[in-house]
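Coordinates in review
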Amino acid sequence: PLADATFAAAEWLLRLFEPDVAANPEIVELRIGDFGVLVGPQCSGIEGFALIAGFMALYLAMFRRDLRFPRALILIPVGIALSWLLNVVRIVSLVMIGAHVSPELAVEGFHSHAGWLMFTLLSLSLAAAAHGAPWLRRAAPVRAARPARALPPLPEDWNAARILPFVAFMATALLSSTFLETPEIAYPARFAATLAALLFFRRALARLDWRVDPAAVALGVAIGVAWVVTAEAPPAEDPLGAALAALPLWAFALWVATRVLGTAVLVPIVEELVFRSYLIERLDPGARIGRAAGLVVAIAISTGLFAALHDRWVAAALAGLVFAGFALRRGRIADAIWCHAAANATIAAAALATGRWALI
């Protein structure tokens with residue numbers, strides 16, 4: 001029934017923009033000219049329901065002290081309804097891109113990644129709306145003896161400094177994956193956006209203790225070597241290699257420079273700030289080695305989310321546990337960043353030496 005409703009809604013919306021739509025309910029196909037889309041059960045939006053419900057449940061748990069319950073629970077059905085509407089928009093956009101722009105882009109890019117892009121935008125929008133809605137936020141307790149503490153300027157806000165650079169990094173990844181047939185080719189733009197976000201928060205980041213931990217660097221190099229040694233052989237077909245070979249020399253040099261620097265420097269900073277600093281602290285305030293249940297849960301969730309970003313999720317999860325250990329050992333997130341940076345720099349060096357860019 002949900003797939004039927006999605007098909008009917010997508011057909012109605014598509015006809016608002018395209019007069020020559022061929023709709024075949026028997027095989028649930030929407031077609032414009034030579035390009036058609038089958039709106040089967042897997043396109044119904046049910047996976048989006050699970051994703052947005054799971055995200056909102058995690059969000060409500062993390063910010064339970066700041067939100068009013070049971071009012072805040074309305075975010076879950078609202079999120080599910082909006083997720084379904086965005087899925088309908090995704091299907092309509094897919095048909096139009098395939099018919100008028102590029103079938104390859106529609107199938108290889110937009111179809112695979114537009115759902116994640118819309119899920120990310122919806123999740124961030126719901127969280128922002130919840131934080132900005134007085135009806136959903138719990139009023140701060142009145143303390144006559146203490147004046148209210150003013151919020152720091154945004155460039156010095158430690159929470160924003162840990163979250164927004166990662167948002168910039170992931171948003172640009174989703175945009176390039178959605179609208180480019182070879183999304184990796186847009187890495188210089190991702191590098192620029194992430195670097196700009198980090199520079200915006202340079203005063204907040206400068207307050208960290210950046211002294212190098214030799215043990216973290218040594219173990220990071222070992223992780224990088226293990227990652228390279230256990231990597232699968234490169235595939236016979238290499239779309240990225242073909243796209244890079246077609247670039248002029250200056251563009252190829254720019255891509256290589258930003259890819260290596262981004263992997264070795266920017267990625268460790270943005271990922272450690274959000275996964276090993278913000279998430280662990282938010283899930284278990286005062287987290288430190290020596291605590292039990294709360295810390296274990298916090299590490300497990302943050303490591304699971306970190307691993308989900310990588311194709312080799314088991315290896316990534318093991319590396320994430322090591323990074324978490326360094327972050328908590330002395331309460332210095334910079335130690336985790338140094339370990340992660342050493343691992344990524346080792347992998348980037350191997351990719352640069354061999355031309356196996358799939359390593360990073």
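For the structure given in this document, a descriptive report is provided here. (Residues numbered from 1 in each chain as written. Predicted model: local features only at pLDDT ≥ 70, side-chain atom pairs only at ≥ 80, totals over all residues. Heavy atoms only, no water.)

1. Some points on the overall build of the protein
- Counting secondary structure elements, the protein contains 13 helices and three strands.
- Here the C-alpha radius of gyration of the protein, 23 Å, is about what a compact globule of 360 residues would show, namely 21 Å.
- Per-residue burial over the protein gives 43% buried out of 360 residues.
- At a minimum sequence separation of 6, the contacts of the protein that also span at least 24 residues come to 73%.
- Counting every atom, the protein has about 18,900 Å² of accessible surface; 68% of that belongs to carbon and sulfur. (Helix = DSSP H or I, 4+ residues; strand = E, 2+ residues; numbered from the N terminus. Rg over C-alpha atoms; globule rule 2.2 N^0.38 Å. Buried < 20%, exposed > 50% of the residue type's maximum accessible area, 1.4 Å probe, protein only. Contact = heavy atoms within 4.5 Å. Areas by Shrake-Rupley, 256 points an atom, 1.4 Å probe, with all protein chains shown as cover.)

2. Brief notes about the packing of aromatic side chains
- Across all of its chains, the model carries nine aromatic pairs by this definition.
- Plain terms: the ring middles of Phe-275 and Phe-306 are 5.6 Å apart, the flat faces sit at 70° to each other, and that makes the pair edge-to-face. You can see Phe-275 sitting in helix H10 (residues 249–283) and its partner Phe-306 sitting in helix H11 (residues 293–308), a full 31 residues away along the chain. For the residue pair Phe-275 and Phe-306, the accessibility class agrees, reading buried in each case. (Phe/Tyr/Trp six-rings, centres within 6.5 Å; stacked < 30°, edge-to-face > 60°.)

3. Quick look at the pattern of salt bridges
- Taken as a whole, this structure holds 12 salt bridges when the rule is applied.
- Among the salt bridges present, the one from Arg-203 reaches Glu-156, with a minimum N-O distance of 3.2 Å. In this pair, Arg-203 sits in helix H7 (residues 202–206) while Glu-156 sits in the loop between helix H4 (103–132) and helix H5 (158–179), placing the two residues 47 residues apart along the sequence.
- Asp-335 is the partner of Arg-330 in a salt bridge, and the nearest nitrogen-oxygen pair spans 3.1 Å.
- Through salt bridges that share partners, Asp-209, Arg-211, Asp-213, Arg-329, Arg-330, Arg-332 and Asp-335 make up one connected network. (Salt bridge = Lys/Arg side-chain N within 4 Å of Asp/Glu carboxyl O.)

4. Side note on the sheet that holds strand E1 (residues 22–24)
- On the basis of which strands lie adjacent, the open sheet formed by three strands has the order E1-E2-E3 and antiparallel pairing. Each edge of the open sheet is held by one strand with a lone partner, namely E1 and strand E3 (35–38). Averaged over all adjacent pairs, the angle separating strand axes in this sheet is 15°, with direction ignored.
- In this structure, E1 lies alongside strand E2 (residues 29–32), joined through three bridges in antiparallel fashion. (Pairing = 2+ DSSP bridges. Axes fitted to C-alpha atoms, helices over the stretch in contact; angles between N-to-C directions.)

5. Re the pairing of E2
- Between E1 and E2, which pair antiparallel one after the other, the connecting turn spans four residues, and Val-28 there sits at a positive phi close to 45°.
- Bridging between E2 and E3 involves four bridges; their strand directions are antiparallel. Along E3, the bridge assignment pairs Ile-32 with Phe-35.
- Remark: two residues form the turn of the hairpin made by E2 and E3, two consecutive strands paired antiparallel; Gly-33 in that turn has positive phi of roughly 65°.

6. A short note on unusual backbone geometry
- Across the junction of Phe-69 and Pro-70, the peptide omega takes the value 10°, indicating a cis bond.
- Inspection of the secondary structure puts Pro-70 in the loop between helix H2 (46–62) and helix H3 (75–100).
- One non-glycine residue with positive phi stands out, namely Val-28, at about 45°.
- For Val-28, the location among the structural elements is in the loop between E1 and E2.

7. Looking at helix H1 (residues 2–17)
- Between its first and last C-alpha atoms H1 spans 23 Å; for 16 residues at 1.5 Å apiece the expected length is 22 Å, and the two agree.
- Where H1 is concerned, the buried positions are Ala-3, Thr-6, Phe-7, Ala-9, Ala-10, Leu-13 and Leu-14.
- Summarising the contacts, the buried residues of H1 are in contact with E1, E2 and H3. (Expected span 1.5 Å × (residues − 1).)

8. Let's talk about the packing of helix H12 (residues 313–329) against helix H13 (residues 333–354)
- Contact geometry for H12 and H13: axes closest at 6 Å, N-to-C directions at 150°. The orientation of H12 with respect to H13, classified from their angle, is roughly antiparallel. Relative to H13, the crossing made by H12 is right-handed. Of the residues in H13, those in contact with Val-322, Phe-323, Phe-326, Ala-327 and Arg-329 of H12 are Ile-333, Asp-335, Ala-336, Cys-339, His-340 and Ala-343.
- Along the lines of polarity and charge, the residues of the contact of H12 with H13 split into eight nonpolar, one polar and two charged. (Parallel < 35°, antiparallel > 145°, perpendicular 65-115°, else oblique. Left-handed = near helix turned anticlockwise from the far one by under 90°. Nonpolar A, V, L, I, M, F, W, Y, C, P; charged D, E, K, R; others polar.)

9. So, H13
- Over its 22 residues, H13 extends 32 Å from the first C-alpha to the last, a length consistent with the 32 Å expected when each residue adds 1.5 Å.
- In terms of residue burial, H13 counts as a mostly covered element, since 16 of its 22 residues are buried.
- One or two residues past the end of H13 sits Gly-355, with phi positive at roughly 75°.

Everything listed here is a matter of coordinates, which is why it stays silent on function.
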